[in-house]
Amino acid sequence: MACTLSVPGISEIGADLKMQHMNDHSSLRARWFRSLYDPAFPAAEYEALVDRHESSTPYNRLAWLRGAELGAGRNEVETLTVWRESRLLACIPVIWERRGPIWSPGLRIARHLGAPLADRIGLMVADNDPALVTATLRMIQHRRPVAWIELNELYDGGCGPELMNRFAREHCIDVHEHRTCRVPVFRLPSEHPQEKSLPERVRAKLRRERRRSTEAGATIHRVAPSDEGAWLDRIIAVEQASWKGTDGVGIFSGAERERWMRTALGGLAGSGRIRIAALELDGQIISYRLGLLEKGRLYDYNSAFLPEHSKIASGRLLLDEFIHWGIDEGWHAVDASRVSRVSSHHLHERMNESVQQYRVRYFSKRPGGLLASTAQTLWDRYKPTLLRFRDRLRKVRGSAATGSQANLDAQA
């Protein structure tokens, strides 16, 4: 059962909701905030929750989430905080959307704020308590009638989909889990390894790339900024000139993404969580790798290079610099953060661990949830057939176009 309580002074951001729940969660208090910039938002308590939560990542930090809120466009953002007395037990920022996939347009969904630029999230629920997770997700379902709740980039290791099993079993009509990627991780040794410990092909590539950059006069620099500063403008300029900027797929592409990144990266720099390995030539950055540091783990988030210097702008060399930097500073691991399913990452050459990441949709028992679940099931079943048909159609059209061109050439 739930009842709404009138709380003086916070009516503009939503009243408290007191929920009776089983076991240890007999009295939880929910408070919703319309913005992470609200002066009443418990910023210090939230950062403390992230600090003590073993599953947190840099994408859970308030600076990152505030940037994500700025990049949400027209979609509405609200943040759920769950309390017992004066202790913050859970905090989940939610983005409400009516932009579903092609098979379910117009249905309202709730997503954890951060997708698509947040590579991995920890669900910020104290102690990873499944009963508390269930109560928290139920509060989201009670807030608005949603077809499903979508959690992107959950991961194994204390924050996997298994935490939501109870919620799924008791309050959902269906669950669709999709593995988005398997991320390579390099667990760092306590001291610098001998180069001969690397595979011969990796050693050969590093030697060749190091020789090319040295002969060109390029130098590697370590940058650990403490504020937004000029470093951000410099790496934005590199990405915009790279193929990522040209194709419009970079993390700084478009006004909303750039606003998100400036806020997020500037805030993380202020707390000492940004590391950049940059290759410079004649005082200009020609290549860089950007990493986010959280609890001794560096998340290799983004890289870019100037196309005119592609022969010496070695991403592998900069990753090697990250590894040596990490050993110098006592980091535990260098993490690829996320990888594409169709391409490799330089860290695959050294990986000694991996992390599975998932996208999970929890379909509600409402009519919209049933409709969306049915459509999702049909889409998953027939999608391979449709894709094969599309590929054959493209081949037929390509052959027809080639034949038509051959006839025209013959007539000419």
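This is a predicted model, so every value here is computed, not measured.

Remarks on the overall build of the protein
Scanning the protein for helices and strands turns up 10 helices and 14 strands. A burial count over the protein gives 51% of its 412 residues as buried. A fraction of 71% describes how many contacts in the protein between residues 6 or more apart in sequence connect residues 24 or more apart. Summed over its atoms, the accessible surface of the protein is roughly 19,600 Å², and 51% of this surface lies on carbon and sulfur atoms.

Considering the layout of surface pockets
Each pocket or cavity is described by its volume, and for the second largest pocket that value is around 200 Å³. In this structure, the second largest pocket is lined by Glu54, Ser55, Ser56, Arg120, Tyr155, Asp156, Gly157, Glu294, Lys295, Arg297, Tyr299 and Val355. Tallied by class, the residues present in the lining of the second largest pocket amount to three nonpolar, three polar and six charged.

Brief notes about a positive patch on the surface
Together, Arg208, Arg211, Arg212 and Lys311 line one region of the surface with positive charge. Within the element layout of this structure, arginine 211 appears in helix α5 (residues 200–216).

So, the side chain of threonine 57
Position of threonine 57 among the secondary structure elements: in the loop between α1 (43–52) and α2 (62–70). For threonine 57, a relative accessible area of 0% puts it in the buried group. One polar contact links the side chain of threonine 57 to the main-chain carbonyl oxygen of arginine 120, over a distance of 2.8 Å. Once you skip the residues sitting within four places of it in the chain, threonine 57 turns out to touch Arg120, Ile121, Gly122, Tyr155, Glu294 and Tyr299.

Brief notes about the nonpolar core
In this structure, Trp64, Ile140, Leu265 and Tyr288 are the most contacted members of the largest nonpolar core, which totals 106 residues. Excluding residues that lie within four positions of it along the chain, isoleucine 140 makes contacts with Trp32, Leu80, Ile92, Val94, Trp96, Ala110 and Ile149. Within the second largest apolar cluster, six residues are counted, among which are Leu107, Ile109, Ala147 and Trp148.

Comments concerning the pairing of strand β3 (residues 28–33)
When a strand is regular, its side chains alternate between the sheet's two faces. Among the six residues that make up β3, five are buried, leaving the element largely enclosed by the rest of the structure. Judged from the five bridges that link them, β3 and strand β4 (residues 76–84) form a sheet pairing that is antiparallel. Pairing of alanine 30 across the sheet is with valine 82, part of β4.

Some points on the pattern of salt bridges
Following the criterion strictly, the structure yields 30 salt bridges and no others. Between glutamate 349 and lysine 205 there is a salt bridge, and its shortest N-O distance comes to 3.7 Å. With glutamate 349 in the loop between β13 (333–335) and β14 (353–364) and lysine 205 in helix α5, this residue pair connects regions lying 144 residues apart in the sequence. Since its relative accessible area comes to 15%, glutamate 349 is described here as buried. With a closest N to O distance of 3.0 Å, arginine 273 and glutamate 294 form a salt bridge. Of this pair, arginine 273 sits in the loop between α8 (255–270) and β10 (274–281) while glutamate 294 sits in strand β11 (residues 284–294), and the two are 21 residues apart along the sequence. The network of salt bridges with common partners includes Glu47, Asp51, Arg61, Arg273 and Glu294.

A closer look at the packing of α2 against α8
At a minimum axis distance of 7 Å, the contact between α2 and α8 shows a crossing angle of 170°. Here α8 runs roughly antiparallel to α2, going by the angle between their axes. Like other packed secondary-structure pairs, α2 and α8 cross with a definite hand, here right-handed. Taken together, the residues of α8 that come into contact with α2 (itself represented by Ala63, Trp64, Arg66, Gly67, Ala68 and Leu70) are Arg259, Trp260, Met261, Thr263, Ala264, Leu265, Gly267 and Leu268. For the contact of α2 with α8, the residue count by class is nine nonpolar, three polar and two charged.

Some remarks on a nonpolar patch on the surface
Together, Leu378, Trp379, Tyr382 and Leu386 line one region of the surface with nonpolar side chains, adding up to about 380 Å² of accessible area. Its place among the elements puts tyrosine 382 in helix α10 (residues 367–411). Look at tyrosine 382 and you get partly exposed, because its relative accessible area is 45%.

A few points about empty space enclosed by the protein
A full pass over the atoms with the stated rule returns two cavities of 30 Å³ or more. Of the pockets and cavities examined, the largest cavity occupies roughly 50 Å³. Only β5 (87–97), β6 (109–116), α3 (130–143) and β7 (148–155) provide two or more residues apiece to the lining of the largest cavity. Among the residues forming the lining of the largest cavity, the class breakdown is eight nonpolar, one polar and two charged. In this structure, the second largest cavity encloses a volume near 40 Å³. At four residues, β6 tops the list of elements feeding residues into the lining of the second largest cavity. A breakdown of the residues in the lining of the second largest cavity according to their chemical character gives four nonpolar, three polar and no charged.

A closer look at the pairing of β14
A large share of β14 lies buried, amounting to nine of its 12 residues. As judged from the seven bridges shared by β7 and β14, these two strands associate in the antiparallel manner. Within β14, the residue paired with leucine 154 across the bridge is tyrosine 358. For strand β8 (residues 172–187) and β14, the ladder comprises 12 bridges, and the chain directions are antiparallel. Residue pairing across strands places valine 185 opposite glutamate 353, the latter belonging to β14.

Procedures and definitions
Residues numbered from 1 in each chain as written. Predicted model: local features only at pLDDT ≥ 70, side-chain atom pairs only at ≥ 80, totals over all residues. Heavy atoms only, no water. Helix = DSSP H or I, 4+ residues; strand = E, 2+ residues; numbered from the N terminus. Buried < 20%, exposed > 50% of the residue type's maximum accessible area, 1.4 Å probe, protein only. Contact = heavy atoms within 4.5 Å. Areas by Shrake-Rupley, 256 points an atom, 1.4 Å probe, with all protein chains shown as cover. 1 Å grid on protein atoms, 1.4 Å probe; cavity = no way out; pocket = protein on both sides within 12 Å on 5 of 7 lines; lining within 4 Å. Points joined across faces, edges and corners; volume = space filled by probe spheres on them. Nonpolar A, V, L, I, M, F, W, Y, C, P; charged D, E, K, R; others polar. Patch = residues over 30% accessible without salt bridge, like charges linked within 9 Å, V, L, I, M, F, W, Y side chains within 5 Å. Salt bridge = Lys/Arg side-chain N within 4 Å of Asp/Glu carboxyl O. Lys, Arg positive; Asp, Glu negative; His and termini not counted. Charge placed at Lys NZ, Arg CZ, Asp CG, Glu CD. Polar contact = N/O pair within 3.5 Å; in protein donor to acceptor, adjacent residues only side chain to side chain. Core = buried A, V, L, I, M, F, W, Y, C linked by side-chain atoms within 4.5 Å. Pairing = 2+ DSSP bridges. Axes fitted to C-alpha atoms, helices over the stretch in contact; angles between N-to-C directions. Parallel < 35°, antiparallel > 145°, perpendicular 65-115°, else oblique. Left-handed = near helix turned anticlockwise from the far one by under 90°.

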